[in-house]
Amino acid sequence: MRQGPRILIVVTSHASLGDTGRATGLWLEEVVVPYRTFVTHGAQVDIASPAGGAAPVDPRSTTTAEHDVEALLGDSDAQAKLQNTLRLEDVEADYDAVFLAGGHGVMWDLIDSPVLCRLVARLFDAGKVVAAVCHGSAVLVGVTLGNGAPLIRGRRVTGFTNDEEDALGLRDVVPFLIETQMRVQGAEFCRGERWAPHTIRDGRLVTGQNSRSSAETAKQVLAALRA
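Residues numbered from 1 in each chain as written. Predicted model: local features only at pLDDT ≥ 70, side-chain atom pairs only at ≥ 80, totals over all residues. Heavy atoms only, no water.

Peer 1: Quick one: what's the story with the side chain of Thr207, residue by residue and with numbers?
Peer 2: On the secondary structure map, Thr207 appears in strand S9 (residues 205–208). At 2.9 Å, the side chain of Thr207 forms a polar contact with the backbone nitrogen of Thr158. The residues touching Thr207, leaving out its near neighbours within four places in the chain, are Ala132, Ser137, Leu140, Val157, Thr158, His198, Thr199, Ile200 and Thr217. (Helix = DSSP H or I, 4+ residues; strand = E, 2+ residues; numbered from the N terminus. Polar contact = N/O pair within 3.5 Å; in protein donor to acceptor, adjacent residues only side chain to side chain. Contact = heavy atoms within 4.5 Å.)

Peer 1: Requested: an account of the sheet that holds strand S1 (residues 6–10), with residues and values cited.
Peer 2: One open sheet accounts for seven strands, arranged S3-S2-S1-S4-S5-S9-S8; its pairing is mixed. Edge strands, defined here as strands with exactly one partner in the open sheet, are strand S3 (86–87) and strand S8 (199–202). The pairing of strand S2 (residues 44–49) with S3 spans two bridges and is parallel. Among the inter-strand pairings, Ala48 is bridged to a residue of S3, identified as Leu86. Set on the sheet, helix H1 (residues 29–40) makes contact with S1, S2, strand S4 (97–100) and strand S5 (129–133); between it and S2 the angle comes to about 155 degrees. (Pairing = 2+ DSSP bridges. Axes fitted to C-alpha atoms, helices over the stretch in contact; angles between N-to-C directions.)

Structural data, given as structure tokens:
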């Protein structure tokens, strides 16, 4: 009999920021903090990406989250899993929760992954927990449940806000604005202050606004699993 919940963290495989010529990828804090939170509480954690193998890390996240970088360097298991992510196509829906990590790379691969959208829908339909933080919330826009309804319709959610995207000067770079599209899908978008931690839990759906929301979002995932 297995011990502890099984949680799948999904990260991007995309390393370029649109046509800007700048590098991107996953945002380190949004992977390391949840990973360590889950493992500390006895969860079995896997990390998957569209391409599998080594996941690209946004270089900006290695300089703005020093403590998380130190934590990653000191965790050989986490390092190994980021360097050898599972390929999404090979992942089965045998998890108690899925956690969609952010980083701008998400906007160019995870949002267009039918494999991921089907996986998220299957898990939610099966009574499992679905969570996302920052740009990871963009994936939820494309998830349709088995009854044909958008997953986020009528639910309270959050994600990287239009205001935060504007502050980075990337409104015209990203394929779409998360806040806008979530509202279009009929979600009740709950925004907090710019850059401040902000997490929303609506039953088995947990979302965090930005990277600073990673810790609380992970904690709420564990709370939803206990419930």
